[in-house]
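Descriptive structure summary
Okay, here's what each chain looks like letter by letter:
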Amino acid sequence: MANIWSNLRRIARHRWYSVRNTIRGAIPAPLQERLEQQVANSEQRHSGQIRICVESALPVSYLWRQASARERAITLFGKLRVWDTEHNNGVLIYLLLADRAIEVVADRGVHIPGTQWEAMVKRLGGALAVGQWEQGLFQALEAVSTLMAAEWPVDPPAARTNELPDRPWVR
């Protein structure tokens, strides 16, 4: 019975976030533009591709089957074609506001220890918890960029191709 109440509370929270459209307050258009520029600058340092996704709430179909933020992040990883980069080195940073969840999904060509991802997620979570959205996301981008530059340096720099949009996917 407790599980049913827990799921109903989660559904209500997601619907409330969806109706409130809290995404506009957390990631307003000017911040989206700055993040887009930051992703573009980041990708000049490595051959990887980075996508930021911020979602206020899960779709109802995910809620009914009690899907996790991780499951949604993996779905968006495919849907947004982050997996479809030439060198299999795409990284998705996913935020789900209703669950206060952060997920990082990296393609099979990215070999970065999980502890480094966990440290980045912990720092981002700490910044978001105190309302420092821009600082937290910029720090996360810098951390991913540093890791990617070490593993996937641009060689030669002129040969770099931007395979994915740099603008955050926000819903």
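Residues numbered from 1 in each chain as written. Predicted model: local features only at pLDDT ≥ 70, side-chain atom pairs only at ≥ 80, totals over all residues. Heavy atoms only, no water.

What follows concerns the overall build of the chain. Regarding its fold elements, the chain presents 7 helices and 4 strands. If you list the helices and strands of the chain from N to C, you get α-α-α-β-α-α-β-β-α-α-β. For 171 residues, the compact-globule formula gives about 16 Å, and the C-alpha radius of gyration of the chain, at 16 Å, lands near that figure. In terms of principal-axis extent, the alpha carbons of the chain reach across some 60 × 30 × 25 Å. Here the chain holds 171 residues, and the buried ones make up 47% of them. Of the contacts made within the chain by residues no fewer than 6 positions apart, 75% connect residues no fewer than 24 positions apart. Taken as a whole, the chain presents about 8800 Å² of accessible surface, with 55% of it coming from carbon and sulfur. (Helix = DSSP H or I, 4+ residues; strand = E, 2+ residues; numbered from the N terminus. Rg over C-alpha atoms; globule rule 2.2 N^0.38 Å. Buried < 20%, exposed > 50% of the residue type's maximum accessible area, 1.4 Å probe, protein only. Contact = heavy atoms within 4.5 Å. Areas by Shrake-Rupley, 256 points an atom, 1.4 Å probe, with all protein chains shown as cover.)

Moving on: helix α3 (residues 29–42). Owing to its 3.6 residues per turn, the α-helix brings residues three or four apart onto one side. Compared with an ideal rise of 1.5 Å per residue, which puts 14 residues at 20 Å, α3 spans 20 Å between its outermost C-alpha atoms and is within 8% of the ideal. Along α3, the residues classified as buried are Leu31, Gln32, Leu35, Val39, Ala40 and Ser42. (Expected span 1.5 Å × (residues − 1).)

Even without being a glycine, glutamine 66 presents a positive backbone phi close to 55 degrees. The topology assignment puts glutamine 66 in the loop between α4 (60–64) and α5 (69–79). In this structure glutamine 66 comes out as partly exposed when scored by relative accessible area, which is 43%. Although it is not a glycine, arginine 100 adopts a positive phi angle of roughly 50 degrees. On the basis of relative accessible area, arginine 100 is assigned to the exposed category, the value being 72%.

Under the definition given, this model contains 8 salt bridges. Note that arginine 108 and aspartate 107 form a salt bridge whose closest N and O atoms lie 3.5 Å from each other. By relative accessible area, which is 6% here, aspartate 107 ends up buried. (Salt bridge = Lys/Arg side-chain N within 4 Å of Asp/Glu carboxyl O.)

Before going further, it helps to examine the packing of helix α6 (residues 114–129) against helix α7 (residues 133–151). When two helices pack together, you describe them by how their axes are tilted relative to each other and by the distance separating the axes. At a minimum axis separation of 7 Å, α6 and α7 run at an interaxial angle of 165 degrees. The pairing of α6 with α7 is recorded here as roughly antiparallel in orientation. Read as a crossing pair, α6 and α7 show a hand that is right-handed. Only Trp133, Gly136, Leu137, Ala140, Ala143, Val144 and Leu147 of α7 make contact with α6, whose side of the interface consists of Gln116, Trp117, Met120, Arg123, Leu124, Ala127 and Leu128. Of the residues belonging to the contact of α6 with α7, the class tally is 11 nonpolar, 2 polar and 1 charged. (Axes fitted to C-alpha atoms, helices over the stretch in contact; angles between N-to-C directions. Parallel < 35°, antiparallel > 145°, perpendicular 65-115°, else oblique. Left-handed = near helix turned anticlockwise from the far one by under 90°. Nonpolar A, V, L, I, M, F, W, Y, C, P; charged D, E, K, R; others polar.)

Here we come to the pairing of strand β2 (residues 90–96). Among the 7 residues that make up β2, 7 are buried, leaving the element largely enclosed by the rest of the structure. Residues of β2 alternate between two faces, with Gly90, Leu92, Tyr94 and Leu96 on one and Val91, Ile93 and Leu95 on the opposite face, all of them buried. Pairing analysis gives 7 bridges linking strand β1 (residues 49–55) to β2, with the strands arranged parallel. Residue pairing across strands places isoleucine 52 opposite isoleucine 93, the latter belonging to β2. Across 6 bridges, the pairing between β2 and strand β3 (residues 101–106) is antiparallel. Residue pairing across strands places leucine 96 opposite alanine 101, the latter belonging to β3. Counting the residues that bridge the hairpin from β2 to β3 gives 4 residues, and of these arginine 100 lies at a positive phi of roughly 50 degrees. (Pairing = 2+ DSSP bridges.)

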